[in-house]
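Each chain, letter by letter, is given below.
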Amino acid sequence: MSEVKKSFPNNFAGVHFHFVGIKGTGMAALVEILHARGAVITGSDVGERFYTDEILEKCGIQAKEFSAGNIDDSVQFVVYSSAYSPEKNPDLMEAKRRGITMLLYSEALGKVSERSYSVGICGVHGKTTTTGLAGTILKHLPLASQVLAGSVIKSFGDSCTMTSGHDYFVAETCEYQRHFMAFDPKKIILTSVESDHQDYYPTYEDIRAAFVDYICKLPQGGQVIYCADDRGACEAVSLAKERRGDIEAISYGLSEKSDWKILIGGTKSGRQHFSVDSRDIHSEFALCVPGLHNVKNAVAALALSCELLKTDGKNPSGHIDEIRSGLEEFSGGKRRSEIVGRAKTPAGQDVIFIDDYGHHPTAINTTLAGYREFYSGYRIVVDFMSHTYTRTQALLEDFASSFSSADTVIINKIYGSARENQSSASVTGEILAEHAKKYHSDVHYAGEFDEAAELGLKILSKNSGSHFPEGYIFVTMGAGDNWKVGKKILELLESGSL
């Protein structure tokens, strides 16, 4: 942790923050939060253009190249990404020389959380979508709220944040390296706990312990809203309650014992229908994004919204219509089952191109199962790029068996991380593909993107109308940059040059 030398302000109006690594998704979102509260923002990053440049430009901010000259007497605080070192980055070296207070992104987010009634949304899966759902509901409610998600949310106006005030602050909080321990939550949503980030949490017990410690940061009588259908979440809450009996645990899920019990309806006209039975609400709702997991995320957000209404002295039953409107407005986020385009095959069949961030076996399995139900009549082709060698090695068989809802699977080379020693890795994308063939009859390895795009085009060029009358779903999935595969195929089909 960096040393905080200057007291963090309660009022951000006119305070000059300089962001190092400003184009990172979380950093750009925090920029939006502080900009909305009147702060003066500058920032630096690499020259390559990212989608977050558009977010920054909406705030009137142009990222500069890294330079000691970015730091002058007007800068009061420096916020920096953990990707940059105070010993090597010129902006940070100059800030350190001047004695300017420097905070990691997670520390700055924590300081902001101390200045509102804050809610942390956490879990190995679903935290971005749940945060987006919560923010979209809160847009419709009479609560002065700010919401920060870990990706662009369409219903936030293609932004990472939603602002209607800042009495309440809802933020996605990350478990990696225990970053969420800097956050100051009054309530927590916990979606799921299972083994992940094996480079930092070698065992399941290690990562579970982090979530237990985070829950125990709640104040006296604080609330944790958790998924009753997730074994890890239930265990984490149970262990936290052993240490802190005063914490109020509110469960949601399909389980009969859930405080917010979900009853699943059918899928009709591009909507998933479901109802909830709780002490506050007994009503039916609909969601425009696929997957049972997203219904559960929606109910977590719904439960939180009701608890915040009660905290504000309002009766949730009087706001069901607004909540329903918020849920139906939600259409996903960037790289979260994002429909990136549509085209026709040479044979005239429809192809829907979807990009999804799913990079853990459980997320892959549940997301593809959601597509199978939501897009019945389509052939599902998935191009997957695994993220980190440590995760792939630790969960190799889980990854290999996670594609059962897809019709065809293309596996790319592994997207490594700078924090790994790749030369000593004992697993490759090709090994993953060979293991996947044990569980799936149509698996192909295409290490490079050009090869994968060529293979994908060949698959889409087969006329399979009798078996899949609706056409194809082509999904690029993973935390890497294999979205380029879908983009290339889409551009070729749109050009009509095949």
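Keep in mind the model is a prediction, meaning the values are calculated, not measured.

## Thoughts on the nonpolar core
Core analysis: the biggest nonpolar cluster contains 54 residues, and Phe17, Phe19, Leu30 and Leu190 have the highest contact counts within it. Beyond its immediate stretch of four places on either side in the chain, Leu190 contacts Cys122, Gly123, Phe211, Ile215, Val224, Ile225, Tyr226, Cys227, Ala233, Ala236, Val237 and Tyr252. By size, the runner-up hydrophobic cluster in this structure holds 43 residues, among which are Ile121, Met162, Phe274 and Ala298.

## Side note on the packing of helix α1 (residues 25–36) against helix α4 (residues 105–113)
Direction vectors running N to C along α1 and α4 enclose 30°, while the axes themselves pass 11 Å from each other. Taken together, the axis directions place α1 and α4 in an arrangement best described as roughly parallel. The way α1 lies across α4 gives a crossing that is left-handed. Seen from α1, the contacting residues are Gly26, Met27, Leu30, Ile33 and Leu34; seen from α4, they are Tyr105, Ala108, Leu109 and Val112. Within the contact of α1 with α4, the residues separate by chemical class into 8 nonpolar, 1 polar and no charged.

## Quick look at the sheet that holds strand β20 (residues 471–477)
Pairing within the open sheet is mixed, and its 6 strands lie in the order β15-β16-β20-β17-β18-β19. Edge positions in the sheet fall to β15 (338–344) and β19 (443–445), since each has one partner strand and no second. In this sheet, neighbouring strand axes are inclined to one another by 20° on average, regardless of whether the strands run parallel or antiparallel. Direction of pairing for strand β16 (residues 350–356) relative to β20: parallel, over a ladder of 6 bridges. Its bridge partner being in β20, Asp356 is matched across the sheet by Met477. The sheet contacts of helix α14 (residues 449–460) involve β16, β17 (378–384), β18 (408–411), β19 and β20, and relative to β18 the element is tilted by about 170°. This element, helix α15 (residues 483–495), spans β15, β16, β17 and β20 of the sheet and lies at about 30° to β15.

## Let's talk about a nonpolar patch on the surface
Together, Leu254, Ile264 and Leu292 make up a nonpolar patch on the protein surface, roughly 230 Å² of accessible area in all. Considering the arrangement of structural elements, one finds Ile264 in strand β12 (residues 260–268). The exposure class of Ile264 is partly exposed, given its relative accessible area of 45%.

## Considering the environment of Thr52
Here Thr52 lies in helix α2 (residues 52–58). Assessed through its relative accessible area of 1%, Thr52 is described here as buried. For Thr52 and Phe8, which are 44 residues apart along the polypeptide, the C-alpha to C-alpha distance reads 26 Å. Other than its neighbours up to four places away in sequence, Thr52 contacts Lys23, Gly24, Thr25 and Ala28.

## Overview of the pairing of strand β4 (residues 101–104)
Burial of β4 is two-sided: the residues Thr101 and Leu103 facing one way and the residues Met102 and Leu104 facing the other way are all buried. Here 4 bridges tie strand β3 (residues 77–80) to β4, and the two strands are oriented parallel to one another. Bridge pairing links Phe77 to Thr101 in β4. Crossover β3 to β4 through helix α3 (residues 90–98) is right-handed.

## So, the pattern of salt bridges
The final tally for this structure, using the stated rule, is 34 salt bridges. Arg324 is paired through a salt bridge with Asp321; the nearest N and O atoms lie 3.1 Å apart. With a gap of 3 residues between them, Arg324 and Asp321 both fall in helix α9 (residues 320–329), about one helical turn apart. With a relative accessible area of 23%, Arg324 lands in the partly exposed category. Several salt bridges converge on common partners, so that one network encompasses Glu248, Arg279, Asp280, Glu307 and Lys310.

## Focus on unusual backbone geometry
At Arg178, a residue that is not glycine, the phi angle is positive and equals roughly 60°. With respect to the element layout, Arg178 can be found in the loop between β8 (168–172) and β9 (187–190). With phi around 75°, Thr388 is a residue other than glycine that occupies positive phi space. Within the secondary structure, Thr388 is located in the loop between β17 and α11 (389–394). On the basis of relative accessibility, which here comes to 2%, the residue Thr388 falls in the buried class.

Conventions we followed
Residues numbered from 1 in each chain as written. Predicted model: local features only at pLDDT ≥ 70, side-chain atom pairs only at ≥ 80, totals over all residues. Heavy atoms only, no water. Core = buried A, V, L, I, M, F, W, Y, C linked by side-chain atoms within 4.5 Å. Buried < 20%, exposed > 50% of the residue type's maximum accessible area, 1.4 Å probe, protein only. Contact = heavy atoms within 4.5 Å. Axes fitted to C-alpha atoms, helices over the stretch in contact; angles between N-to-C directions. Helix = DSSP H or I, 4+ residues; strand = E, 2+ residues; numbered from the N terminus. Parallel < 35°, antiparallel > 145°, perpendicular 65-115°, else oblique. Left-handed = near helix turned anticlockwise from the far one by under 90°. Nonpolar A, V, L, I, M, F, W, Y, C, P; charged D, E, K, R; others polar. Pairing = 2+ DSSP bridges. Patch = residues over 30% accessible without salt bridge, like charges linked within 9 Å, V, L, I, M, F, W, Y side chains within 5 Å. Areas by Shrake-Rupley, 256 points an atom, 1.4 Å probe, with all protein chains shown as cover. Salt bridge = Lys/Arg side-chain N within 4 Å of Asp/Glu carboxyl O. Right-handed = clockwise from strand over helix to strand, strands pointing away.

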